[in-house]
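# Examination of the molecular architecture
Read off the chains here:
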Amino acid sequence: MAELKFFDKVAARASVPDDTARALTEATLRTLAERISGGEAADLAGHVAHELRPLLARAAQEEPEVFAYDEFLRRVAERAGVGPQLAERGAGAVLQTLHRVVGHREFERALAQLPTEIQALAQPVPQGP
């Protein structure tokens, strides 16, 4: 999926303008790369558009930082310049879009390194009755 399509999907999922979707995507991917191992980040980077790869770039052997859900969202919000609720909605939209781009097996391997609360962001919101 090309970079612009990725941003379009995030914008639609999060119900935000394109520039906000871009900021949320960059913030979420950078934060995700900090929270998972360098090897997993590199594996994910191999599946995204070339323009998005630097956001996931880390040393292959680098150990992940350990931080919880609240810190994950705080970093996303700060980097994207948005409030906590939009950071949560946007991070979910980015992770859901990333899931479709990289495929289920690869995505699940990366998510296995995250706390349950962060993993839950990647789950689509159930549709009403």
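Keep in mind the model is a prediction, meaning the values are calculated, not measured. (Residues numbered from 1 in each chain as written. Predicted model: local features only at pLDDT ≥ 70, side-chain atom pairs only at ≥ 80, totals over all residues. Heavy atoms only, no water.)

A word on the overall build of the chain. Counting its regular elements, the chain contains eight helices and zero strands. Element order for the chain, N to C, with α for helix and β for strand: α-α-α-α-α-α-α-α. A compact globule built from 129 residues should have a C-alpha radius of gyration of about 14 Å, and the chain, at 13 Å, falls within 12% of that. Counting only C-alpha atoms and orienting by the principal axes, one finds that the chain spans roughly 40 × 30 × 30 Å. Taken across its 129 residues, the chain has 49% of its residues classed as buried. For the chain, long-range pairs separated by at least 24 residues make up 69% of all intrachain contacts whose partners lie at least 6 apart in sequence. Total accessible area computed for the chain in this model is approximately 6700 Å², and 51% of it derives from carbon and sulfur atoms. (Helix = DSSP H or I, 4+ residues; strand = E, 2+ residues; numbered from the N terminus. Rg over C-alpha atoms; globule rule 2.2 N^0.38 Å. Buried < 20%, exposed > 50% of the residue type's maximum accessible area, 1.4 Å probe, protein only. Contact = heavy atoms within 4.5 Å. Areas by Shrake-Rupley, 256 points an atom, 1.4 Å probe, with all protein chains shown as cover.)

Membership of the largest hydrophobic core comes to 43 residues, with the highest contact counts inside it found for Leu32, Leu44, Phe72 and Leu98. Secondary-structure elements contributing two or more residues to this core are helix H1 (3-14), helix H2 (18-35), helix H3 (38-45), helix H4 (53-56), helix H5 (69-80), helix H6 (84-102), helix H7 (104-111) and helix H8 (116-121). A total of eight residues in this core trace back to one element, the largest contributor, which is H6. Beyond its immediate chain neighbours, meaning those up to four positions away, leucine 98 contacts Phe6, Leu29, Leu32, Leu44, Val48 and Phe107. (Core = buried A, V, L, I, M, F, W, Y, C linked by side-chain atoms within 4.5 Å.)

With that settled, consider the side chain of histidine 99. Residue position: histidine 99 is located in helix H6. Taking relative accessible area as the criterion, histidine 99 reaches 19% and is therefore assigned buried. Discounting residues that sit within four places of it in the chain, histidine 99 has contacts with His104, Phe107 and Glu108.

All told, the structure shown has one aromatic pair when counted by the stated rule. Sitting over the ring of phenylalanine 67, arginine 35 keeps its end group 5.8 Å from the ring centre. In this structure, arginine 75 packs its charged tip against the face of phenylalanine 67, placed 4.0 Å from the ring centre. (Phe/Tyr/Trp six-rings, centres within 6.5 Å; stacked < 30°, edge-to-face > 60°. Lys NZ or Arg CZ within 6 Å of the ring centre and 35° of its normal.)

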